[in-house]
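Examination of the molecular architecture
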Amino acid sequence: MTKTRFQKLSDLNIEFFESAKKSLLDPLALDLANDVKWVKLNGNWNYLKFPVVIGGEGQPILLLHGFDSSFLEFRRIYLSLKKNFQVIIPDLLGFGFSPRCATYEYKPSKIISYLIDILETLKIKNNLKVIGASMGGSTALKLSYEIPSSIDKIILLSPAGLFGEPKSIPFPLNQLGASFLGLPQVRKSLCRQAFAYPDECVGKMEEQIASIHLGCKGWRNSLASFAKSGGFSGTSKYIQNIPIKTLCGENDRILGKKEIKNIKKIEKLNFVGLQNCGHLPHIDLPTLSSKIIRDYFCN
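The shown structure was predicted, so the numbers you read here are calculated from the model rather than taken from an experiment. (Residues numbered from 1 in each chain as written. Predicted model: local features only at pLDDT ≥ 70, side-chain atom pairs only at ≥ 80, totals over all residues. Heavy atoms only, no water.)

Observations concerning unusual backbone geometry
The phi torsion of most residues other than glycine is negative, and most of the peptide bonds are trans. Under the convention used in this document: Labels follow the DSSP assignment, with helices taken as runs of H or I lasting at least four residues and strands as runs of E lasting at least two, numbered in each case from the N terminus.
With an omega dihedral of 5 degrees, the bond running from Phe171 to Pro172 counts as a cis peptide bond. Although it is not a glycine, Asn127 sits at a positive phi angle of roughly 55 degrees. Its location among the elements puts Asn127 in the loop between helix H4 (108-121) and strand E5 (128-133). Its identity as a non-glycine residue notwithstanding, Asn276 has a phi of 55 degrees, on the positive side. Considering the arrangement of structural elements, one finds Asn276 in the loop between strand E8 (271-274) and helix H12 (281-284).

As structure tokens, then:
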């Protein structure tokens, strides 16, 4: 029997990932990448195989990365968390090293459906803890709205997209925008902007991880499709009666002071400001972030 085009897409994607993994400069990133399992989903996803990091034992924690990022974003807290929990880190649909199918629409509702199917495939039905970073914070809130009985607690790390309304970027601007985001100097600039002290903290390892997934087949088209959908926005309306703690860096140049001020106003978010920290608490302050996560989820 000949392979279907979807099987071929899975194989091509896995081949790219294995090649990219061998090139990783950061040993923590390699440790994380070595725990990737290729999870085959149901017919809704054409039985494609998707990368999901699974490691450790204990109660499950689902980690959700930010916009145009990958599971590698959590490399600095992974080893610490897997000592106490079963850590699950998927690449979001259409991002990271996930296979891109040309016939898919990459939009928030599809991302949520994809996450629900991953959890069902892994047979995770309750007591789930969720960590969402940047856009992953909005994803976490929307996921909790869809499956509230499955989620125990949430931690948001510099959540993006909590306010405003979706703004669709039409063709061809969406394609042009995606191409612009692929330029090496743009990637470097965005990477530096995420850190509190980029001159001290950003080197070849950080720049590589910010861009390594761009070689995935279909990267530009999936990003353009997501931009056309309008992306995640206004997700604060999905806040449930599920305990939440929110960590934001006081040097966050991506969210900005106005956004952080609005986050502080929502009592249910339980805001905690972190000094000497940018947009990525789990990268800038991994030891402190890990401690806060363990203390909050274990109590």
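Description of the sheet that holds strand E6 (residues 151-157)
Let me state the cut-off plainly: Two strands are said to pair when DSSP picks up at least two bridges between them. Each axis is a line fitted through C-alpha atoms, and for a helix only the stretch in contact is used; angles between axes span 0 to 180 degrees, taken between their N-to-C directions. Only heavy atoms matter for contacts: two residues are in contact if any of them lie within 4.5 Å across the pair.
Within the open sheet, the eight strands sit side by side as E1-E2-E4-E3-E5-E6-E7-E8. Their pairing is mixed. A strand with exactly one partner marks an edge of an open sheet, and here the two such strands are strand E1 (36-40) and E8. The average undirected angle you get between the axes of adjacent strands in this sheet is 25 degrees. Bridge count between strand E7 (residues 244-249) and E8: four bridges; the pairing is parallel. For Gly249, the partnering residue across the bridge sits in E8 and is Leu274. Sitting on the sheet, helix H13 (residues 286-298) is in contact with strand E3 (60-64), E5, E6, E7 and E8, with an inclination near 160 degrees to E6.

So, the packing of aromatic side chains
Between two aromatic rings, the relevant description is the distance of the centres plus the angle of the planes. We count it as follows: Each Phe, Tyr or Trp ring (for Trp, its six-membered ring) is paired with any other whose centre lies within 6.5 Å, and the angle between the two planes then decides the class: stacked below 30 degrees, edge-to-face above 60, tilted in between. Only protein chains enter the calculation, and the probe is 1.4 Å; a residue is then buried if its accessible area is under 20% of its type maximum, exposed if over 50%, and partly exposed in between.
Counted according to the given criterion, the structure contains 16 aromatic pairs. Geometrically, the ring pair formed by Phe67 and Phe95 is edge-to-face, given 5.8 Å between the ring centres and 65 degrees between the ring planes. One end of the pair, Phe67, is in the loop between E3 and helix H3 (75-81); the other, Phe95, is in the loop between strand E4 (86-90) and H4, and 28 residues separate them in sequence. For Phe67, a relative accessible area of 39% gives the class partly exposed. Phe95 gets classed as buried once you look at its relative accessible area, which sits at 2%. On the numbers, 6.3 Å between centres and 85 degrees between planes, the contact of Phe85 with Phe297 is edge-to-face. Residue Phe85 is located in the loop between H3 and E4, and its partner Phe297 is located in helix H13; the two are separated by 212 residues in the primary sequence. Here Phe85 and Phe297 have matching classes, each one buried.

As for the packing of H4 against helix H5 (residues 135-146)
Note the following rule: Handedness of a helix crossing follows the sense of rotation of the near helix relative to the far helix, less than a right angle counterclockwise being left-handed and clockwise being right-handed. Basically, the charged four are Asp, Glu, Lys and Arg, the nonpolar ten are Ala, Val, Leu, Ile, Met, Phe, Trp, Tyr, Cys and Pro, and anything else, Gly included, counts as polar.
H5 packs onto H4 with a crossing angle of 65 degrees between their chain directions and a minimal axis gap of 10 Å. Taken as a pair, H4 and H5 cross one another with a handedness that is right-handed. Touching Ile111, Ile112, Leu115 and Ile116 of H4 are Thr139, Lys142, Leu143 and Glu146, all from H5. Its residues assigned to classes, the contact of H4 with H5 shows five nonpolar, one polar and two charged.

Examining the packing of helix H6 (residues 173-181) against helix H10 (residues 219-229)
How we decide: When an angle is under 35 degrees it counts as roughly parallel; over 145 it counts as roughly antiparallel; between 65 and 115 it counts as roughly perpendicular; any other value is oblique.
Closest axis-to-axis distance for the H6/H10 pair is 8 Å, and the angle between their directions is 125 degrees. Our classification of the angle between H6 and H10 gives oblique. Where H6 crosses over H10, the handedness of that crossing is right-handed. Two secondary-structure elements touch here, H6 through Asn174, Gln175, Ala178, Ser179 and Leu181 and H10 through Trp219, Arg220, Asn221, Leu223, Ala224, Ser225, Ala227 and Lys228.

What about the nonpolar core?
Defined as follows: Residue types Ala, Val, Leu, Ile, Met, Phe, Trp, Tyr and Cys, when buried and joined through side-chain atoms within 4.5 Å, form a set referred to as a nonpolar core.
Within the largest apolar cluster, 55 residues are counted, with the highest numbers of intra-cluster contacts made by Leu62, Ile111, Tyr114, Val130, Leu143, Ile151 and Ile154. With seven residues, H4 is the largest single contributor of residues to this core. With residues near it in sequence (within four places) discarded, Leu143 still touches Leu62, Ile112, Leu115, Ile116 and Ile151.

Details of the state of the cysteines
Selection rule: When the sulfur atoms of two cysteines come within 2.5 Å, that pair is taken as a disulfide.
Scanning the model with the defined rule gives zero disulfides in all. In this structure Cys101 is not part of a disulfide, and its nearest cysteine sulfur, from Cys216, lies 14 Å away. There is no disulfide at Cys201, and the cysteine sulfur nearest it, in Cys277, is 10 Å away.

Considering a nonpolar patch on the surface
Note the threshold: Patch construction takes residues with relative accessible area above 30% that form no salt bridge. Like charges are linked within 9 Å, and nonpolar side chains (Val, Leu, Ile, Met, Phe, Trp, Tyr) are linked within 5 Å. Surface accessibility in these figures is a Shrake-Rupley result with a 1.4 Å probe; residues are shielded only by whichever protein chains are displayed. A side-chain nitrogen of Lys or Arg and a carboxyl oxygen of Asp or Glu constitute a salt bridge if their distance falls within 4 Å.
On the surface, a nonpolar cluster with roughly 290 Å² of combined accessible area is contributed by Ile169, Leu173 and Leu176. Classification of Ile169 as partly exposed rests on a relative accessible area of 37%.

With respect to helix H9 (residues 204-211)
Where we set the bar: Each C-beta atom gives one direction from the helix axis, and the arc is the one those directions make.
Listing the buried residues of H9 in full gives Glu206, Gln208 and Ile209. The buried side chains of H9 occupy one side of the element, clustering within an arc of 160 degrees when seen end-on. Here the buried face of H9 lies against helix H2 (27-33), H3, helix H7 (184-193) and helix H8 (198-201).

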